[in-house]
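Analysis of the macromolecular model
One-letter residues, chain by chain:
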Amino acid sequence: MEKNSGLDKLFFELANESRLAVLGELSKEKIKMQEIARRIDVTATEASRQLERLSKALLVQRLPEGTFTLTEFGRLLLQLVTSLEFANKYKTYFSTHDLSKIPVQFQNRMGELAKSELITDTIKILNAGESAYIDMDQYGFGMAEGTIPQNMLSIMDEKIEKGIKLKFIVPEKRYSENTSAGEIKNIEARSLPELPAIIIVTEKTAGICFNQIGGKVDYAGFFGTDCAFLKWTEELFLYYWSKAKNE
């Protein structure tokens, strides 16, 4: 990396609560300076000063009608900052869990998980997973090491009769042992040599539990209903689905 790449100056501009608040508000809509001051609870003079600094850093621009908006560079940077904020918020979790097997293009979009909730209680995670499948109306995708719980088999049957699509990815070593999928007609099942995470996705809810460092599953992960989180999780599942073996 070049010595004078300017990253130190860029990080300095971002290392300020008021400037980050300004960027956050401008990510929603174009706003005039006085309205920015009101929203982030600072004086007009302070808002003007922060906007000037962000403009010099090419993160925001003033439009002819007097409103301010993010530049394209600002939008790009804010997406990256959101990922950094999310990772930092859950640094304890990510210091013990392995994301190295998650494709880089998904790691770079971790900010899309920002509105999900971290659940560390195993029972709550399992209940959230069951509730997601019970509430689904269109489709349900899953990637996990275990089999479908016995109490869920009849529910899955009912969902399929209603035309709901079900897809599951299981480990190759358990594929032949996994009789649950075989007990339910029209469930699509594929296998991978190893699973990098547990994934649950429906049109309403999604959840992901990353493996611990060393590969162990501890059933601690993120659940949510936010559109960006649903999209990220579904696209990750479909990525692995495309790589999985169709037995």
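Notes on the structure in this doc start here. For clarity, every value in this text was computed on a predicted model and none was experimentally measured.

What follows covers helix α5 (residues 72-89). Across its 18 residues, α5 extends 26 Å between first and last C-alpha, which sits within 8% of the 26 Å expected from 1.5 Å per residue. Turning to α5, its buried residues are Gly74, Leu77, Leu78, Val81, Ser83 and Phe86. Among the structural elements, α1 (7-14), α2 (17-26), β3 (67-70), α6 (91-94) and β10 (221-224) are those in contact with the buried residues of α5.

Its place among the elements puts threonine 67 in strand β3. Reaching out from threonine 67, the side chain makes a polar contact with the side chain of glutamate 65 at a distance of 3.2 Å.

Its 14 residues give helix α8 (residues 122-135) an end-to-end C-alpha distance of 20 Å, which sits within 8% of 20 Å, the value for a rise of 1.5 Å per residue. Regarding α8, the residues found buried are Ile125, Ala128, Gly129, Ala132 and Tyr133. Here the buried residues of α8 occupy an arc of 130° about the axis, which is enough to place them on one side. Residues of α8 that are exposed and point more than 90 degrees away from the buried face comprise Ile123 and Lys124. Here α8 starts with a cap whose side-chain oxygen sits 3.0 Å from the backbone nitrogen of isoleucine 123, and that cap is aspartate 121.

Summarising the element assignment, isoleucine 213 is placed in the loop between β9 (206-210) and β10. Residue classification places isoleucine 213 among the exposed residues on the basis of a relative accessible area of 58%. Here the alpha-carbon distance between isoleucine 213 and threonine 96, two residues 117 residues apart in the chain, equals 5.9 Å. Residues contacting isoleucine 213, with those up to four places away along its chain left out, are Ser95, Thr96, His97 and Asp98.

So, how was this worked out
Residues numbered from 1 in each chain as written. Predicted model: local features only at pLDDT ≥ 70, side-chain atom pairs only at ≥ 80, totals over all residues. Heavy atoms only, no water. Helix = DSSP H or I, 4+ residues; strand = E, 2+ residues; numbered from the N terminus. Expected span 1.5 Å × (residues − 1). Buried < 20%, exposed > 50% of the residue type's maximum accessible area, 1.4 Å probe, protein only. Contact = heavy atoms within 4.5 Å. Polar contact = N/O pair within 3.5 Å; in protein donor to acceptor, adjacent residues only side chain to side chain. Arc of directions from axis to C-beta.

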